[in-house]
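# Close look at the chain arrangement
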Amino acid sequence: MKRPKLKKASKRVTCSKRYKIQKKVREHNKKLRKAAKKQKIRKVKKDPGIPNAAPFKEELLREAEHRKLQLEELKEKQKLAKQKQRAKKRELEAEKKDPATKAKKAKKEQTVKKQLKSTSNKDKNSKTLFCSELKKVIEASDVILEVLDARDPLGCRCPQLEETILNFEGKKKLILVLNKTDLVPKDNVEKWLKYLQNEFPTVVFKASTQLQDKTMQEKKRRAASGVVDLTKGVTCLGSDVLLQLLGDYYRSRGTDDAIKVGVVGFPNVGKSSLINSMKKVRACHVGISRCTTRCMQLVHIDKSVKMLDSPCIIAGSLNSAVSLALRSASEMEKLGDLLEAVHALLKHCNKQQVMLQYNVPNYKNSLEFLTLFAMKRGYLKKGGVPDTQKAAETLLNDWTGAKVSYHSKPPEQHTFPSRLSETDVAERLKEWEMEKLKQGNLNTIKNVKCPNMASSIVFHSSGPTDGVLEEGEVKEPDEWQDEEVELGSEEEDEDEEELELDEIKPKVEKVLPVDKASNGKLEEKTTGEHSRLQSQVVPVSIDFSSSKKDDDAYDFNTDFN
């Protein structure tokens, strides 16, 4: 009954009515139980779950959870699909009613497609973008610094780059910079300096790797506090010589406009570190990983010099395995590529020196070396399996970075390449004050703390690395993936044929097993097509030492009848 002042009716019931309802419910439940007894219907018991004593309990529970999650994902997908279908139906109905909405939708689709094309053509990590940015730097700069790793200066030189700079219309100047001289013995640095100065003016340099100041204000505060950091990583040597050389060129031009100096080179040679050392502030982004610089960056050094940081030169795919391992733009992700790179690297080094450097016992191949190296560093996967991939990555980072000290010997006799002649070189060297430069280089070599010959690994250089400068010549991973598959299959077939030929070579005085049917006579199959010879039974002395060595080796010459 609804009361006048209250909005809702009361739910209160008289006691007699409530008791009657409860009684009826009890009777009804009793009837149901009796009917179930007659029909012999039993209640479905609750699943007790997997007992604790059962083996693989955890695995079974994980599987059950996994199935549950899969079902939930399926339900969600179906739900989303239904929602999409409904949305499509609504759109179609709206288009039928208003034709103007259809035209708007078509315009939106066209704009989205254009945006996708522009982003795909020039991706941040794409090699085509690197080529275009490098070309911009070459065109914009008056002087170009080609940064070389002092550990392998010949391998860091790019003939294509040097040729384009020399043949450029504006007659651009090229200077070679020997960086990372603190990782090479002094005698080796002097020899390389003498060799490279025959072609271009060369500056000995040691970049600072631990600059902390990001702005000039931080730098001033540090100077005011009076704290001086004299650690090996912070000290920069050769910057005064380079600035003096560039300042002399600026004054010889007789113009008020500051000269633009482009810094180019292969990955991890120290281009950005050189600019930071010249500025004495962390102006450019620096990192251990390859290709940290992805676009052109302008840095003001002083009123007369502006420096342009550039992305790395892309090494051509036809280069040797060592040069690709040390100077390829993209970092290797596959284990096969990493193993090949490490194998090529170890092949060009002295084995004893590598063992001493990494404190590793004697190894047979690159894979064994990586397992030993991984065990030494503690790179282990689940179950204590050595992580060879991580070991290979750290090894390559050590060699491309500034950790390992190794050196390559310069050629005994200097010969001018086809792009250069003695008269051109003499004219170019006259434009610079070479006496000042030589004196400055000698001072820097004296001040640099170099390692001993004994502690440095001898590395056999594979010569100059060919680079790709034109955007059309660059092949992205999607383009050459199919070609690699075809080439790989051909190479595998050739390798298999060679293995078969090596294994099927006939061995001298090989005795075949006795055939029961032929009463102790032995039959030997010769290499000829129609020749079969009966061999005499000869007592054979078995050497157990040789059998131990070749337990797993299968003999293809043995004929099992």
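Parameters at a glance
- Residues numbered from 1 in each chain as written.
- Predicted model: local features only at pLDDT ≥ 70, side-chain atom pairs only at ≥ 80, totals over all residues.
- Heavy atoms only, no water.
- Helix = DSSP H or I, 4+ residues; strand = E, 2+ residues; numbered from the N terminus.
- Buried < 20%, exposed > 50% of the residue type's maximum accessible area, 1.4 Å probe, protein only.
- Contact = heavy atoms within 4.5 Å.
- Areas by Shrake-Rupley, 256 points an atom, 1.4 Å probe, with all protein chains shown as cover.
- Axes fitted to C-alpha atoms, helices over the stretch in contact; angles between N-to-C directions.
- Parallel < 35°, antiparallel > 145°, perpendicular 65-115°, else oblique.
- Left-handed = near helix turned anticlockwise from the far one by under 90°.
- Nonpolar A, V, L, I, M, F, W, Y, C, P; charged D, E, K, R; others polar.
- Salt bridge = Lys/Arg side-chain N within 4 Å of Asp/Glu carboxyl O.
- Pairing = 2+ DSSP bridges.
- Phe/Tyr/Trp six-rings, centres within 6.5 Å; stacked < 30°, edge-to-face > 60°.
- Lys NZ or Arg CZ within 6 Å of the ring centre and 35° of its normal.
- pLDDT = per-residue confidence, 0-100.
- Patch = residues over 30% accessible without salt bridge, like charges linked within 9 Å, V, L, I, M, F, W, Y side chains within 5 Å.

### Here we look at the overall build of the protein chain
A count of helices and strands for the protein chain gives 18 helices and 12 strands. Expressed as a percentage of the 561 residues in the protein chain, the buried residues total 33%. A separation of at least 24 residues holds for 72% of the contacts in the protein chain among residues at least 6 apart in sequence. Only carbon and sulfur atoms are counted for the fraction: they give 52% of the accessible area of the protein chain, which is about 39400 Å².

### Topic: unusual backbone geometry
With phi around 60°, K180 is a residue other than glycine that occupies positive phi space. Secondary-structure assignment places K180 in the loop between β2 (173-179) and α6 (186-196). Here K180 falls in the buried class, since its relative accessible area comes to 10%. Backbone geometry at N268 places phi at a positive 65°, although glycine is not the residue there. Since its relative accessible area comes to 16%, N268 is described here as buried.

### Here we look at the packing of helix α8 (residues 239-253) against helix α16 (residues 434-447)
Following both chains from N to C, one finds α8 and α16 inclined at 165°, their axes separated by 10 Å at the closest point. As judged from the angle between their axes, α8 and α16 are roughly antiparallel. Of the two possible hands of crossing, α8 and α16 adopt the one that is left-handed. On α16, the residues touching V241, Q244, L245 and D248 of α8 are K436, L437, G440, N441 and T444. Residue composition of the contact of α8 with α16, by class: 3 nonpolar, 4 polar and 2 charged.

### Overview of the pattern of salt bridges
Per the stated rule, a full pass over the model turns up 14 salt bridges. One salt bridge connects R327 with D152, and the closest N-O pair in it is separated by 2.9 Å. In this pair, R327 sits in helix α10 (residues 321-327) while D152 sits in the loop between β1 (143-149) and α5 (159-166), placing the two residues 175 residues apart along the sequence. By the burial criterion, R327 is buried, and D152 matches it. Taking the shortest distance from any N to any O, the salt bridge between R419 and E162 comes out at 2.7 Å. Taken as a pair, R419 in the loop between β8 (406-407) and α15 (422-430) and E162 in helix α5 lie far apart in primary sequence, 257 residues in all.

### Some details on the sheet that holds strand β6 (residues 305-309)
Overall, mixed pairing links the 6 strands, which are arranged β3-β2-β1-β4-β6-β5 in an open sheet. Strands at the two margins of the open sheet, each flanked by one partner only, are β3 (202-204) and β5 (297-300). Within this sheet the neighbouring strands show an average axis-to-axis angle of 25°, counted without direction. The sheet contact formed by β2 and β3 spans 3 bridges and is parallel. Within β3, the residue paired with V177 across the bridge is V203.

### Topic: the packing of helix α13 (residues 366-377) against helix α14 (residues 388-400)
It is the contact of α13 with α14, at a shortest axis distance of 9 Å, that shows an interaxial angle of 90°. With respect to their mutual orientation, α13 and α14 come out roughly perpendicular. Listed contacts from α14 to L367, F369, L370, T371, F373, A374 and R377 of α13 are T388, A391, A392, T394, L395 and D398. Split by residue class, the contact of α13 with α14 holds 8 nonpolar, 3 polar and 2 charged.

### Side note on the packing of aromatic side chains
The tally for this structure, following the rule as stated, stands at 9 aromatic pairs. Ring centres of W192 and Y195 lie 5.7 Å apart, and the angle between their planes is 90°; this geometry places the pair in the edge-to-face category. Of this pair, W192 and Y195 both sit in helix α6, separated by 3 residues, roughly a single helical turn. The residues W192 and Y195 share a single accessibility class, namely buried. Here W399 and F459 contribute two aromatic rings whose centre-to-centre distance is 6.2 Å and whose plane-to-plane angle is 55°, an arrangement assigned as tilted. Pair noted here: W399 is in helix α14 and F459 is in the loop between β9 (457-458) and β10 (467-468), with a separation of 60 residues, a long-range link. An aromatic cluster is present here, built from Y358, Y363, F369 and F373 joined pairwise through their rings. Geometry around Y19 places R18 over its ring, the cationic atom sitting 5.6 Å from the centre.

### Here we look at the pairing of strand β4 (residues 259-264)
With 5 of its 6 residues buried, β4 lies for the most part within the structure. As paired elements, β1 and β4 share 4 bridges and run parallel to each other. Within the sheet, the bridge partner assigned to V143 lies in β4 and is V261.

### Focus: the pairing of β1
In terms of burial, β1 is largely enclosed, as 7 of its 7 residues are buried. Residues V143, L145, V147 and D149 of β1 are buried on one face, and the alternating residues I144, E146 and L148, pointing to the opposite face, are buried as well. Across 7 bridges, the pairing between β1 and β2 is parallel. The partner of E146 across the bridge, within β2, is L176.

### A few points about the confidence of the model for the protein chain
Low-pLDDT portions of the prediction should not be read for the details of their coordinates. Across the protein chain, the average pLDDT comes to 78, with 75% of residues at 70 or higher. A low-confidence stretch, residues 478-492 stays under pLDDT 50, and its non-local contacts, those more than four residues away or across chains, total 3 contacts.

### Here's the deal with a nonpolar patch on the surface
Nonpolar side chains collect at one region of the surface, where I50, F56, L60 and L61 lie side by side and expose about 360 Å² of accessible area between them. When you line up the elements, I50 lands in the loop between α1 (15-39) and α2 (57-97). Taking relative accessible area as the criterion, I50 reaches 30% and is therefore assigned partly exposed.

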